[in-house]
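Topology and contacts: notes
Letter by letter, the chains look like this.
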Amino acid sequence: KQSFNKDDAFLFESELKEDDRMIMETAREYAQSKLEPRALKGNQEEYFDQDIATEMGDLGLLGSYLPPEYGGVNASQTAYGLIAREVERVDSGYRSFMSVQSSLVMYPIFTFGTDEQKERFLPKLATGELVGCFGLTEPDHGSDPGSMSTTAIKTDGGWILNGAKMWITNSPIADVAVVWAKAKENKEDEGVIRGFLVEKDMEGFSAPETKYKMSLRASETGELVFEDVFVPDENTFPDIKGLKGPFMCLNSARYGIVWGAVGAAEFCYQKARQYVMERKQFGHPIGANQIPQTKLADMLTDITQMQLLAWRLGELKDSGRLHPSMVSLAKRNNCGKALEIARVSRDMHGANGITGDYRVIHHVMNLESVNTYEGTYDIHGLILGRELTGIQAFTPKG
Ligand code: TGC
Ligand code: FAD
């Protein structure tokens, strides 16, 4: 008789290809042995250990889907997602580091960059010797990046950047920032968004840290400030123009988050399952009561749906059939469900659930950011709504 798998009820892992499974196992072993022991300190002390960059690089976990000449291991998109799941099982902040480096920095350089840019940056980003960040959001423009204020004015041999980006993962430790800015005073491209590679020692550029976050505390977050920063032509993406550029990067990063949320949710569900069997009240394990049992049943039902969505999305991406609205559907669903599961698990742990040691509230707080960044829960609902009706509802009518 087939036994029931309490962690993978519909046995999705048995469908994985051998290469993908091997990468998943490498990531799992690394995350459990090297990241898990750092997670509590990272959260309590608001600390990202930069050795993590080179450790992940050594294992081929950064930009894994790129070809070997640029430091990747030609991994499938499914494998990339499985890495995100294992890393986020420990901490969404570590997955953030990995996602930004892989999807928001290496992907655009690989896709939009010149050969010289690829050779200069990609191999070192893949080993973790260089760290990158991605600047789209601004203090006054989050969900609506198309209204951004950061400007780029063409000058001899390059562009002059002015403005500021905010809430930028990795910014205080980044060697290179992929920055999106609007061309100004430019006949051909007035108001068109272009991409730039801003390096940390460029004059007029700074990246102050944003301290005292209550979420993603093990991830470095900061601003990017540009005061007449000269960016030479060789640091400009030559051809990509418009919002399509950053959104193509977001398709990849949001896809990784779909998987990452599965890992965080699985952790919280497994902890709740263990806790209600060990903790006794009224002379019985808490798990002997109906309410905790149906809470566990709801969690596993949601997780099974999340696993199958992520796995199927990976297959569609690997076979070139992914549509961005599929990513919105899955990002919205998996982040919203993961957050709900983490909150319920926290409740099932009673007072212990508020302590760092159990690491559940840590996931609750992290998932608040994950549900917000890369397009909020509601913005992805509106993207789907527009797809379904053909009518955009981002701006009020009347
Ligand atoms: P819209 O008119 O929809 O589109 C403008 C142009 O972009 C194209 N496009 C896409 N292309 C590829 N993939 C997609 N997903 C695309 N979505 C749109 C579109 O075809 C059009 O191209 P063209 O050639 O016709 O000009 O633009 P809009 O201004 O109406 O967009 C509205 C909306 C809400 C969909 C969009 O602004 C949005 O997605 N907002 C959310 C912002 C967001 O996600 N920011 C993320 C910042 S990065 C981040 O959070 C990193 S956290 C990382 C971590 O720590 O893990
Ligand atoms: P707002 O856009 O001001 O939205 C506030 C609320 O209003 C949300 O609930 C939203 O859903 C709702 N809302 C907004 N517009 C509408 C509408 N038209 N209809 C209905 N509801 C609406 N950005 C980067 O560029 N790079 C990064 O590396 C990065 N890292 C991040 C790391 C962290 C920890 C966090 C928290 C954010 C990060 N971000 C990054 C920024 C992130 O992408 C934005 O926070 C997100 O896009 C939302 O923008 P906002 O915070 O300005 O919220």
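Conventions used here
Residues numbered from 1 in each chain as written. Chains lettered and ligands numbered in written order. Predicted model: local features only at pLDDT ≥ 70, side-chain atom pairs only at ≥ 80, totals over all residues. Heavy atoms only, no water. UniProt positions renumbered as here; feature names shortened; annotations may be inferred. Helix = DSSP H or I, 4+ residues; strand = E, 2+ residues; numbered from the N terminus. Expected span 1.5 Å × (residues − 1). Buried < 20%, exposed > 50% of the residue type's maximum accessible area, 1.4 Å probe, protein only. Contact = heavy atoms within 4.5 Å. Near = heavy atom within 4 Å. Polar contact = N/O pair within 3.5 Å; in protein donor to acceptor, adjacent residues only side chain to side chain. Nonpolar A, V, L, I, M, F, W, Y, C, P; charged D, E, K, R; others polar. Salt bridge = Lys/Arg side-chain N within 4 Å of Asp/Glu carboxyl O. 1 Å grid on protein atoms, 1.4 Å probe; cavity = no way out; pocket = protein on both sides within 12 Å on 5 of 7 lines; lining within 4 Å. Sits in = over half its atoms within 2 Å of the grid points. Core = buried A, V, L, I, M, F, W, Y, C linked by side-chain atoms within 4.5 Å. Points joined across faces, edges and corners; volume = space filled by probe spheres on them.

For the protein, the name recorded in an unreviewed UniProt entry is Acyl-CoA dehydrogenase, with Halalkalibaculum roseum as its organism. In its Cofactor (unreviewed entry) section, UniProt records this for the protein: "FAD".

All right, on to helix H6 (residues 244–278) then. If you check H6, its first and last C-alpha atoms are 51 Å apart, about what 35 residues at 1.5 Å a residue would give, namely 51 Å. H6 sits mainly inside the fold: 26 of its 35 residues count as buried.

Quick look at helix H9 (residues 360–372) now. The end-to-end C-alpha distance of H9, which contains 13 residues, comes to 19 Å, matching closely the 18 Å that a straight helix rising 1.5 Å per residue would cover. The inward-facing, buried residues of H9 abut helix H1 (18–45), helix H3 (77–90), helix H4 (92–112), H6, helix H8 (324–348) and helix H10 (377–389). Directly beyond the C-terminal end of H9, a positive phi value near 60° is found at Glu-374.

Moving on, we get to the UniProt feature "domain: Acyl-CoA oxidase/dehydrogenase middle" (unreviewed entry) in the protein. Residues annotated in UniProt with the feature "domain: Acyl-CoA oxidase/dehydrogenase middle" (unreviewed entry) correspond here to residues 133–229. What you have in residues 133–229 is 0% helix and 48% strand, and the ends, taken at the C-alpha atoms, are 17 Å apart.

Moving on, we come to the site of ligand 1. By nearness alone, 25 residues border ligand 1, and Ser-96, Ser-143, Thr-169, Asn-251 and Arg-254 come closest of all. Within the contact set of ligand 1, an oxygen atom lies 2.7 Å away from a side-chain nitrogen or oxygen of Arg-254. In the model, an oxygen atom of ligand 1 is placed 2.9 Å from a nitrogen or oxygen of the Glu-374 main chain. Secondary-structure elements contributing two or more residues to the shell around ligand 1 are H4, H6 and H10. Counting residues per element, the shell around ligand 1 draws most heavily on H6, which supplies 5 residues. Counted by class, the shell around ligand 1 contains 13 nonpolar, 7 polar and 5 charged residues.

This part is about the UniProt feature "domain: Acyl-CoA dehydrogenase/oxidase C-terminal" (unreviewed entry) in the protein. Sequence positions flagged by UniProt for "domain: Acyl-CoA dehydrogenase/oxidase C-terminal" (unreviewed entry) are, in local numbering, residues 248–388. A helix fraction of 78% and a strand fraction of 3% characterise residues 248–388, whose end C-alpha atoms lie 21 Å from each other.

Now for the pattern of salt bridges. The tally for this structure, following the rule as stated, stands at 27 salt bridges. Among the salt bridges present, the one from Glu-209 reaches Lys-211, with a minimum N-O distance of 3.9 Å. The class of Glu-209 is partly exposed, set by a relative accessible area of 38%. A cluster of three or more residues bridged by salt bridges with shared partners is formed by Glu-13, Arg-28, Arg-85, Glu-86, Arg-89 and Glu-266.

Attention now goes to the site of ligand 2. Lining the immediate surroundings of ligand 2 are 18 residues, of which Thr-137, Ser-143, Trp-167, Thr-376 and Phe-394 lie closest. Note that a nitrogen atom of ligand 2 is positioned 2.7 Å from one of the side-chain N or O atoms of Thr-137. Backbone polar atom of Trp-167 to a nitrogen atom of ligand 2: 2.7 Å apart, as the coordinates give it. Structurally, ligand 2 is housed in the largest pocket.

One finds Leu-35, Met-56, Tyr-94, Leu-125 and Trp-180 to be the most contacted residues of the largest nonpolar core, which totals 93 residues. When residues in this core are grouped by element, the largest group, 16 residues, is from H6. Excluding anything up to four places from it in sequence, Tyr-94 contacts Leu-35, Arg-38, Ala-39, Gly-42, Phe-48, Ile-52, Met-56, Val-87 and Ala-218. Ile-168, Ala-174, Phe-196 and Met-202 belong to the second largest nonpolar core, which has 18 residues in total.

Looking now at the layout of surface pockets. Left-over empty space is what a probe sized like a water molecule reveals as it rolls over the atoms. Volume-wise, the largest pocket comes out at about 1200 Å³. As for the largest pocket, its lining consists of 44 residues, of which Gly-142, Leu-250, Arg-254, Glu-374 and Gly-375 are closest to the centre. Of all the secondary structure elements, the ones that give two or more residues to the lining of the largest pocket are H4, strand E3 (158–169), H6, H8, H9 and H10. It is H6 that contributes the most residues to the lining of the largest pocket, 7 residues altogether. Lining the second largest pocket we find 14 residues, and of these Asp-7, Arg-28, Arg-89, Glu-266 and Gln-270 sit closest to its centre. When residues in the lining of the second largest pocket are grouped by element, the largest group, 4 residues, is from H6.

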